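Topology and contacts: notes
This is what each chain is made of:
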Amino acid sequence: MTFPITRHRRLRRTASIRNMVRETQLTVNDFIYPIFVTVGTGVKEEIPSMPGVYHLSLDLLQAEIEKVVASGVQSILLFGVPHDKDAVGTSAYDHNGIVQEATRAVKTWAPQLVVVADTCLCQFTDHGHCGVIHHDERTGTAEVDNDASLELLVKTAVSQAEAGADIIAPSNMMDGFVSAIREGLDEAGYEMVPIMSYSVKYASAFYGPFREAAHSTPQFGDRKTYQMDPANVREALREAEADVVEGADMLMVKPALAYLDVLRMVKEHFDLPVVAYNVSAEYSMVKAAAANGWIDERAVVLETLTGMKRAGADIIITYHALDAARWLKGE
Ligand code: PBG
């Protein structure tokens, strides 16, 4: 009988040894917590498919911000759910728009909290697309007009920076959006505001609950002419490369779970911080299974977030952020 010389179990024997050899450390510094802000007063409405996530009006936002600060999470991502929508998404770049107002308010309550502003038009257009629509009378077709959309996205980003956003996060997937926004921010005097680019954003079914939450389902067609085909990874590198050249400060891959290979590729090819977006349906599935008693929510969430970090994420945007922060403290 021969015995193994190499015994992997030696380094797994006690919790202290496992702590010493652990390769990936998940910390509260990794998280960005998304918040949906809406117009009106007294609104705290739970999003049915996302238990624990709410639509909040500004008067009830302060309590939520206090919870975030107390949790130790240092950054939030603001999504606006406006009342008024039109064909060109006017409320996205309104000086008194919902995201702009919320940003100003948060910066007075918690100046040190990093406010990331999602820069897109889909919540603000009546057709629900991320840009403006060009109708071709001759062919009777309608398409999202790239360059006309860029101008409006630049206006949106500048108005968000003006309101005090610390980071601009464009999620629209138009071509050239990073350079357009960079130029617009610089011209307006916001050359120090970084761009967290949704570089690699797939046309994913995992955004379903978000669209219910943000009322941003496209009213016709889908987003496949601007968001990426889930089957492609070399194209993801082209997207990320373009954003690097155009001046992005951070690169995002979205969704996260079904795309961890893409995340790893982006991490290996580029030296910028990489962001993983643990999207709405990834959250909803965990919540649904946990509510049925089928999984241990705490263990599954921490394992999932650790997996994203191990795959290459420097930063994770997640609706689990406040819970995870609590669990990491051992509560
Ligand atoms: C806006 C946007 C979307 C998400 C973030 N920003 C939806 C979409 O592109 O349809 C999805 C976030 C999530 O599912 O949690 N363009």
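Look above for the structure.
For the structure given in this document, a descriptive report is provided here. (Residues numbered from 1 in each chain as written. Predicted model: local features only at pLDDT ≥ 70, side-chain atom pairs only at ≥ 80, totals over all residues.)

Moving on, we come to the overall build of the protein chain. When helices and strands are tallied, the protein chain shows eleven helices and twelve strands. Relative to its length of 331 residues, the protein chain is compact, with a C-alpha radius of gyration of 21 Å against a globular reference of 20 Å. Its C-alpha atoms put the protein chain at 80 × 45 × 40 Å along the principal axes. A buried classification covers 44% of the 331 residues belonging to the protein chain. In the protein chain, once contacts between residues fewer than 6 apart in sequence are set aside, the share between residues at least 24 apart is 72%. (Helix = DSSP H or I, 4+ residues; strand = E, 2+ residues; numbered from the N terminus. Rg over C-alpha atoms; globule rule 2.2 N^0.38 Å. Buried ≥ 20, exposed ≤ 12 C-beta atoms within 10 Å, placed from the backbone. Contact = placed C-beta atoms within 7 Å.)

A separate point is the packing of helix H8 (residues 260–269) against helix H10 (residues 297–311). Packing of H8 against H10 brings their axes to within 8 Å, and their N-to-C directions diverge by 35 degrees. Residue-level inspection shows Leu260, Leu263 and Arg264 of H8 in contact with H10, the latter providing Gly307, Met308 and Ala311. Tallied by class, the residues present in the contact of H8 with H10 amount to four nonpolar, one polar and one charged. (Axes fitted to C-alpha atoms, helices over the stretch in contact; angles between N-to-C directions. Nonpolar A, V, L, I, M, F, W, Y, C, P; charged D, E, K, R; others polar.)

Next up on the list: unusual backbone geometry. Backbone torsion omega between Lys254 and Pro255 reads -5 degrees, so that peptide bond is classified as cis. The residue Pro255 is located in the loop between strand E10 (250–254) and H8 in this model. If you check the backbone angles, His215 has positive phi at about 50 degrees while not being a glycine. Here His215 lies in the loop between helix H6 (208–214) and helix H7 (234–246).

So, about the packing of H10 against helix H11 (residues 321–328). Following both chains from N to C, one finds H10 and H11 inclined at 100 degrees, their axes separated by 10 Å at the closest point. On the basis of their axis angle, the class for H10 and H11 is roughly perpendicular. Two secondary-structure elements touch here, H10 through Arg298, Val301, Leu302 and Leu305 and H11 through Asp323, Ala324 and Trp327. For the contact of H10 with H11, the residue count by class is five nonpolar, no polar and two charged. (Parallel < 35°, antiparallel > 145°, perpendicular 65-115°, else oblique.)

Moving on, we come to the site of the ligand. Close contacts around the ligand come from Asp118, Cys120, Cys122, Cys130, Ser171, Tyr207, Phe210, Arg211, Ser216, Val279 and Ser280, and that covers them all. Along the lines of polarity and charge, the residues of the shell around the ligand split into six nonpolar, three polar and two charged. (Near = placed C-beta within 6 Å.)

Okay, the environment of Val266 next. Tracing the backbone shows Val266 in helix H8. For Val266, a count of 28 C-beta atoms within 10 Å puts it in the buried group. Each C-alpha atom of the pair Val266 and Gly312 lies 8.3 Å from the other, and the pair is 46 residues apart in sequence. What Val266 contacts, discounting residues up to four positions off in sequence, is Val200, Ala236, Ala240, Leu251, Val253 and Val274.

Here H10 contains 15 residues, and its C-alpha end-to-end distance of 21 Å stays within 8% of the 21 Å for a straight helix at 1.5 Å per residue. Within H10, burial applies to Val301, Thr304, Leu305, Met308, Lys309 and Ala311. Of the surrounding elements, those touching the buried residues of H10 are H8, strand E11 (274–278), helix H9 (280–291), strand E12 (315–318) and H11. Gly312, located one to two residues past H10, shows a positive phi value of around 135 degrees. (Expected span 1.5 Å × (residues − 1).)

A separate point is the pairing of strand E7 (residues 141–144). As judged from the four bridges shared by strand E6 (residues 133–136) and E7, these two strands associate in the antiparallel manner. Paired with Ile133 across the bridge in E7 is Val144. The turn linking E6 back onto E7 is made up of four residues, and Gly140 within it adopts a positive phi angle of 75 degrees. (Pairing = 2+ DSSP bridges.)

As a further point, take helix H2 (residues 58–71). Note on helix geometry: an α-helix contains 3.6 residues per turn, so any two residues three or four positions apart are oriented the same way. Here H2 is 14 residues long and its end C-alpha atoms lie 20 Å apart, about the 20 Å a rise of 1.5 Å per residue gives. The complete set of buried residues in H2 reads Leu61, Val68 and Ser71. Within H2, the buried residues cover an arc of 75 degrees as seen down the axis, which keeps them to one side. The exposed set on the far side of H2, more than 90 degrees from its buried face, consists of Ala63, Glu66 and Ala70. Where the residues of H2 are buried, they touch strand E1 (31–38), strand E3 (54–57), strand E4 (75–81), helix H3 (98–109) and H11. (Arc of directions from axis to C-beta.)

Below, the discussion takes up the environment of Asp323. On the secondary structure map, Asp323 appears in helix H11. Expressed as a C-alpha distance, the spacing of Asp323 and Phe31, which sit 292 residues apart in the sequence, is 11 Å.

Here Glu143 is to be found in strand E7. Given 15 C-beta atoms within 10 Å, Glu143 falls into the partly exposed group. Sequence separation between Glu143 and His129 is 14 residues, and the spatial gap between their C-alpha atoms is 9.7 Å. Leave out the neighbours within four places in its chain, and Glu143 touches His134 and Thr225.

Nothing here speaks to function; it is geometry throughout.
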